[in-house]
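Below are the chains, spelled out letter by letter.
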Amino acid sequence: MDIFYNKHYITADEQGRIVDGWSDGPHPDRDTTGAVCINEQGGYQFRLFPGGEENPPLRTADGIPLWRWDGERVVPRAGEEIAADRLPGLKPAKLSELSAACNAAITAGCGVTLSDGSTGHISLTAEDQINLTNACAVVEGGAAGYPYHLDGELCALYPAADIAAMGRAATAHKLYHTTYYNHLAAWVRRCGTAEEVSAITYGAELPEDLAENMAAILAAAGGGTDGV
């Protein structure tokens with residue numbers, strides 16, 4: 001009795017990562033140009049190895065190839081190889097995460113000490129920033145005071161010195177967080193592993209060289225010493 005075999009094929013990218021695999025049993029008309037036949041006497045369903053799992057997964061859940069063609073045989077990819085593949089996609093996602101955290105920190109606002117020694121808090125949503133900028137412009141133009149409100153307080157007429165104090169506090173707060181994010185982003189971009197990228201969070205202590213550079217920038221700007 002004649003025995004009928006199926007051929008099993010793989011395709012690999014320029015780095016040898018196996019990106020597809022199939023049997024000509026279910027796919028008799030599939031183009032095999034550029035493919036490698038890894039088994040000329042296979043069964044109906046595709047297998048990477050004789051006696052191995054039928055139609056095995058070729059990628060991780062997030063799409064990273066699990067196997068490599070070394071020119072002669074199929075070999076599993078090392079964990080560090082797979083992790084390295086994740087790095088290009090992880091960095092933009094981490095930067096987006098940190099940028100969102102920076103924006104949230106800015107809009108949450110900051111504390112301010114007024115001329116009489118009392119303290120309060122100002123929010124810094126986009127609208128709040130516009131309102132405070134307008135208030136500062138008015139008192140800089142010579143007005144003795146301007147109506148504004150601290151969080152949780154009724155609107156009140158604050159003297160020019162207090163409006164100026166609010167403006168300075170807001171500027172220092174925003175400067176701190178935008179500068180901190182910029183240095184976090186530099187840290188992310190220079191990371192060499194997925195684990196390093198994943199470990200960076202908003203509020204993390206910067207590496208020594210980045211921390212020193214940030215401190216120098218803030219000192220030169222004359223403020224921005226908020227904590228995250």
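See above for the structure.
Note that the structure is a prediction, hence the values are computed from the model and not measured.

Caption draft 1: Highlighting the overall build of the protein. In terms of regular secondary structure, the protein is built from five helices and nine strands. Along the protein, helices and strands appear, N-terminal first, in the series β-β-β-β-β-α-β-β-α-β-β-α-α-α. Relative to a compact globule of 228 residues, whose C-alpha radius of gyration would be 17 Å, the protein shows 30 Å and is clearly more extended. In terms of overall dimensions, the protein has C-alpha extents of about 105 × 35 × 25 Å along its principal axes. The burial tally for the protein puts 37% of its 228 residues in the buried class. In the protein, the proportion of contacts linking residues at least 24 apart, taken out of those at least 6 apart, comes to 51%. For the protein, the computed accessible surface area is about 12,900 Å², with 53% contributed by carbon and sulfur atoms. Taking the average place of the 15 positive charges on the side chains of the protein and the average place of its 31 negative ones, the gap between the two points comes to 6 Å.

Caption draft 2: Region of the structure containing the pattern of salt bridges. A complete count under the given rule lists eleven salt bridges for this structure. Put simply, Glu-81 and Arg-77 hold a salt bridge, and the shortest N to O gap is 3.9 Å. Given the relative accessible area of 25%, Glu-81 is considered partly exposed. For Asp-85, the salt bridge identified is with Arg-77, shortest N-O distance 2.7 Å. Considered together, Asp-85 and Arg-77 belong to a single accessibility category, that of buried residues. Several salt bridges share partner residues, and in doing so they unite Asp-13, Arg-17, Arg-68, Arg-77, Glu-81 and Asp-85 into one network.

Caption draft 3: Spatial organisation of the packing of aromatic side chains. Summed over the entire model, instances satisfying the criterion amount to four aromatic pairs. Relative to Trp-22, the ring of Tyr-9 lies with its centre 5.7 Å away and its plane at 25°, an arrangement referred to as stacked. Highlighted residues: Tyr-9 in strand E1 (residues 6-12) and Trp-22 in strand E2 (residues 18-23), separated in sequence by 13 residues. The exposure classification of Tyr-9 matches that of Trp-22, with both residues buried. Taking 5.5 Å as the distance between ring centres and 65° as the angle between the ring planes, the aromatic pair formed by Phe-49 and Trp-67 counts as edge-to-face. Linking Phe-49 in the loop between strand E3 (36-42) and strand E4 (67-69) with Trp-67 in strand E4, this pair joins segments that are 18 residues apart in sequence. By relative accessible area, which is 34% here, Phe-49 ends up partly exposed. Taken together, the aromatic side chains of Tyr-176, Tyr-180 and Tyr-202 make up a single cluster linked through ring pairs. A cation over a ring is seen here: Arg-30 above Trp-22, with NZ or CZ 4.0 Å from the ring centre.

Caption draft 4: Spatial organisation of the sheet that holds E1. An order of E2-E1-E3 is seen for the three strands of this open sheet, with the pairing classed as antiparallel. For this open sheet the edge positions go to E2 and E3, each flanked by a neighbour on one side alone. Direction aside, neighbouring strands of the sheet carry axes that sit 15° apart on average. Looking at chain direction, E1 and E2 are connected through five bridges and run antiparallel. Residue pairing across strands places Thr-11 opposite Asp-20, the latter belonging to E2.

Caption draft 5: Spatial organisation of the packing of helix H1 (residues 79-107) against helix H3 (residues 160-190). Closest axis-to-axis distance for the H1/H3 pair is 10 Å, and the angle between their directions is 170°. The angle between the axes of H1 and H3 places the two elements in the roughly antiparallel class. Counted together, Lys-91, Lys-94, Leu-95, Leu-98, Ser-99, Cys-102, Ala-105 and Ile-106 of H1 and His-173, Lys-174, His-177, Thr-178, Tyr-181, Leu-184, Ala-185, Val-188, Arg-189 and Arg-190 of H3 form the full contact between these two elements.

Caption draft 6: A look at the packing of helix H2 (residues 126-140) against H3. Across the interface, H2 lies against H3 with an axial gap of 9 Å and an inter-helix angle of 135°. As judged from the angle between their axes, H2 and H3 are oblique. Crossing of H2 over H3 shows left-handed handedness. Between H2 and H3, the contacting residues are Gln-129, Leu-132, Ala-135, Cys-136 and Val-139 on the first element and Ala-160, Ile-163, Met-166, Gly-167, Ala-170 and Lys-174 on the second. Grouping the constituent residues of the contact of H2 with H3 by class yields eight nonpolar, two polar and one charged.

Reading the values: the criteria
- Residues numbered from 1 in each chain as written.
- Predicted model: local features only at pLDDT ≥ 70, side-chain atom pairs only at ≥ 80, totals over all residues.
- Heavy atoms only, no water.
- Helix = DSSP H or I, 4+ residues; strand = E, 2+ residues; numbered from the N terminus.
- Rg over C-alpha atoms; globule rule 2.2 N^0.38 Å.
- Buried < 20%, exposed > 50% of the residue type's maximum accessible area, 1.4 Å probe, protein only.
- Contact = heavy atoms within 4.5 Å.
- Areas by Shrake-Rupley, 256 points an atom, 1.4 Å probe, with all protein chains shown as cover.
- Lys, Arg positive; Asp, Glu negative; His and termini not counted.
- Charge placed at Lys NZ, Arg CZ, Asp CG, Glu CD.
- Salt bridge = Lys/Arg side-chain N within 4 Å of Asp/Glu carboxyl O.
- Phe/Tyr/Trp six-rings, centres within 6.5 Å; stacked < 30°, edge-to-face > 60°.
- Lys NZ or Arg CZ within 6 Å of the ring centre and 35° of its normal.
- Pairing = 2+ DSSP bridges.
- Axes fitted to C-alpha atoms, helices over the stretch in contact; angles between N-to-C directions.
- Parallel < 35°, antiparallel > 145°, perpendicular 65-115°, else oblique.
- Left-handed = near helix turned anticlockwise from the far one by under 90°.
- Nonpolar A, V, L, I, M, F, W, Y, C, P; charged D, E, K, R; others polar.

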